[in-house]
Amino acid sequence: MARMTPDQRRAFLAAGTRTAKLATTRTDGRPHVAPVWFVMGGDDGLFMTGADTVKGRNLRRTGQAALSVDDETPPYAFVLVEGTVRVETDPDVLARWALPISARYMGDDRAEEYARRNAVPGELLIRVHPTNVVAETGVAD
């Protein structure tokens, strides 16, 4: 197993259509984990969610999140990101990020359709700024 360099980590997180598993904490202390579509904005992970979802409520309340992204094929790799959260509701900001997120997971031919669906009132853009990162490759080597 080897640590990824920052450049390797960025490339890993931007590759393909891997989803991030988002971990948040409920009001009673129980964990909540959900897959999210994401893109990178520098070292920050960005994704969208509804304001009234469990994750949306948890993120606004705590301002903290963890993301886990992994490669499920040998020799396996993963990136774990713990960080602080910034919540955006500005329609222009939502529209700016909805398109690349949609393009990554639905392809360029359906990106605008999904971006229009997601960049609406009641949606949030979440920016996770890393405070701790663990990034390993060659886990099974």
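Refer to the preceding data block for the structure.
Rules behind the numbers
- Residues numbered from 1 in each chain as written.
- Predicted model: local features only at pLDDT ≥ 70, side-chain atom pairs only at ≥ 80, totals over all residues.
- Heavy atoms only, no water.
- Core = buried A, V, L, I, M, F, W, Y, C linked by side-chain atoms within 4.5 Å.
- Buried < 20%, exposed > 50% of the residue type's maximum accessible area, 1.4 Å probe, protein only.
- Helix = DSSP H or I, 4+ residues; strand = E, 2+ residues; numbered from the N terminus.
- Contact = heavy atoms within 4.5 Å.
- 1 Å grid on protein atoms, 1.4 Å probe; cavity = no way out; pocket = protein on both sides within 12 Å on 5 of 7 lines; lining within 4 Å.
- Points joined across faces, edges and corners; volume = space filled by probe spheres on them.
- Nonpolar A, V, L, I, M, F, W, Y, C, P; charged D, E, K, R; others polar.

### Some remarks on the nonpolar core
One finds F47, L67 and V128 to be the most contacted residues of the largest nonpolar core, which totals 31 residues. Where this core is concerned, the elements lending two or more residues are α1 (6–14), β2 (20–25), β5 (44–50), β6 (64–71), β7 (77–88), α3 (91–106) and β8 (123–137). Apart from the residues within four sequence positions on either side, F47 is in contact with L22, V36, W37, F38, L59, L67, I101, L124, L125, I126 and V128.

### Concerning empty space enclosed by the protein
Scanning all chains against the criterion turns up two cavities of 30 Å³ or more. Together, L13, A20, F38, M40, D43, D44, G45, L67, V69, V81 and V128 line the largest cavity. Looking at the lining of the largest cavity, the elements with two or more residues in it are β5 and β6. For the lining of the largest cavity, the residue count by class is eight nonpolar, one polar and two charged. Space inside the second largest cavity adds up to approximately 50 Å³.

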